[in-house]
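Notes for the structure review
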Amino acid sequence: MKIAIDVDDVLADFNNHFAQFINTHFGYSVSSQEFFSFRYEESLGCTTKKAYEMVDTFFASPDFAEIAPLIGAVEGVEELKKHHELIVITARQERIAQETLDFLTRHFGVFYSEVVFTGQSREPESRKTKAQACKERGVDYLIEDHFDYAKQCADLGIKVLMIDVPWNQHAKELPPEIRRVTGWQEIVAILNSAQ
Ligand SMILES: [Mg+2]
């Protein structure tokens, strides 16, 4: 099968590292478990401008390169690549393409046939969606943590394994294409029995 994998909070343990960063540099005292929304300004009660400023400061800091892989991701990718074609689809913008490729290479090696940057994270209206990118490439499954992106895929009939995180709990009723999973162990078990 052709499987698309998201980067942040699927391959990379982004929110835990971002929470630590803003605690150290912006005076917060939060855990990523308190991020009840995908939008930091909602979880933190700040402006969108401030949220972007903190994310951009994080990107520009040495801490950004220190993000660890999500638990089980390295082993999961290692297992999936034996049986499937894997591509990476991220809503990150191309301006951090090099840092993203460096992260992937450092921890996972080159397991993918393509890396797609949709840029949706900042320009949701003007950019192609992950769902469109998946459709064009004939993707069978997307592994994702963001409910909106998962829903857009489901609307196009693409199956999604959505990792269970605090910031997608608002999605109570899921379309049949979206299956909530606990993490990488379950992802591998599902995908390797679905082939
Ligand atoms: Mg993500």
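Residues numbered from 1 in each chain as written. Predicted model: local features only at pLDDT ≥ 70, side-chain atom pairs only at ≥ 80, totals over all residues.

Re the overall build of the chain
Helices and strands together make up the secondary structure of the chain, namely 8 helices and 6 strands. Ordered by position in the sequence, the α and β elements of the chain form the string β-α-α-α-α-β-α-β-α-β-α-β-β-α. A compact globule built from 195 residues should have a C-alpha radius of gyration of about 16 Å, and the chain, at 16 Å, falls within 12% of that. Principal-axis analysis of the C-alpha atoms places the extent of the chain at approximately 50 × 35 × 30 Å. Within the chain, contacts between residues separated by at least 24 positions form 59% of all contacts whose residues are at least 6 apart in sequence. (Helix = DSSP H or I, 4+ residues; strand = E, 2+ residues; numbered from the N terminus. Rg over C-alpha atoms; globule rule 2.2 N^0.38 Å. Contact = placed C-beta atoms within 7 Å.)

What about the domain arrangement of the chain?
Splitting the chain by domain gives domain 1 (2-13 + 68-194) and domain 2 (14-66). Each partner contributes residues to the interface: domain 1 has 10 residues there, and domain 2 has 12 residues. A class-by-class count of the residues in the side of domain 1 that touches domain 2 yields 4 nonpolar, 2 polar and 4 charged. (Domains from an automatic or database assignment. Nonpolar A, V, L, I, M, F, W, Y, C, P; charged D, E, K, R; others polar.)

A short note on unusual backbone geometry
In the Ramachandran plot, Asp9 falls in the positive-phi region, its phi being about 65° despite a non-glycine side chain. The topology assignment puts Asp9 in the loop between β1 (2-5) and α1 (14-25). The class for Asp9 is buried, based on 22 C-beta atoms found within 10 Å. (Buried ≥ 20, exposed ≤ 12 C-beta atoms within 10 Å, placed from the backbone.)

Section: the environment of Arg179
Within the element layout of this structure, Arg179 appears in strand β6 (residues 178-181). Measuring from C-alpha to C-alpha, the distance between Arg179 and Cys153 comes to 12 Å, with 26 residues separating the pair along the chain. Here Arg179 is in contact with Leu161 and Met162, once residues within four sequence places are set aside.

Some words on the sheet that holds β1
Sheet strands pair by backbone hydrogen bonding; their relative direction is either parallel or antiparallel. With parallel pairing, the 6 strands of this open sheet are ordered in space as β3-β2-β1-β4-β5-β6. The strands lining the two open edges of the sheet, one partner per strand, are β3 (115-117) and β6. Geometrically, the sheet is characterised by an average inter-axis angle of 20° between neighbouring strands, direction not taken into account. Packing against the sheet, helix α8 (residues 184-194) makes contact with β1, β4 (141-144), β5 (159-163) and β6, and its axis sits at approximately 140° to β6. (Pairing = 2+ DSSP bridges. Axes fitted to C-alpha atoms, helices over the stretch in contact; angles between N-to-C directions.)

Here we look at the packing of helix α4 (residues 73-80) against α8
For the pair α4 and α8, interaxial distance at closest approach is 9 Å and the crossing angle is 10°. Classified by the interaxial angle, the pair formed by α4 and α8 is roughly parallel. Residues Ala73, Glu75, Gly76, Glu79 and Leu80 of α4 form the contact with α8, whose own contacting residues are Trp184, Ile187, Val188 and Leu191. Taken together, the residues that form the contact of α4 with α8 break down as 6 nonpolar, 1 polar and 2 charged. (Parallel < 35°, antiparallel > 145°, perpendicular 65-115°, else oblique.)

Some points on the nonpolar core
Membership of the largest hydrophobic core comes to 50 residues, with the highest contact counts inside it found for Cys134, Leu142, Cys153 and Val160. Residue-level mapping places this core at the junction of two domains, with at least three residues from each of domain 1 (2-13 + 68-194) and domain 2 (14-66). When neighbours within four sequence positions are excluded, Cys134 is seen to be in contact with Ala4, Ile89, Val139, Leu142, Cys153 and Ile158. (Core = buried A, V, L, I, M, F, W, Y, C linked by C-beta atoms within 7 Å.)

Here we look at α1
With 12 residues, α1 ought to run about 16 Å at 1.5 Å a step, and its terminal C-alpha atoms sit 16 Å apart, in line with that. Along α1, the residues that are buried comprise Phe14, Asn15, Phe18, Ala19, Phe21 and Ile22. For α1, the arc enclosing every buried residue in end-on projection is 160°, short of the 170-degree limit, so these residues lie on one face. At its buried positions, α1 is contacted by α3 (48-60). (Expected span 1.5 Å × (residues − 1). Arc of directions from axis to C-beta.)

Considerations on the environment of Gln20
Tracing the chain through its elements places Gln20 in helix α1. In this structure Gln20 comes out as partly exposed when scored by C-beta crowding, with 17 C-beta atoms within 10 Å. Once the C-alpha coordinates of Gln20 and Asn168 are considered, the two residues, 148 residues apart in sequence, prove to be 21 Å apart.

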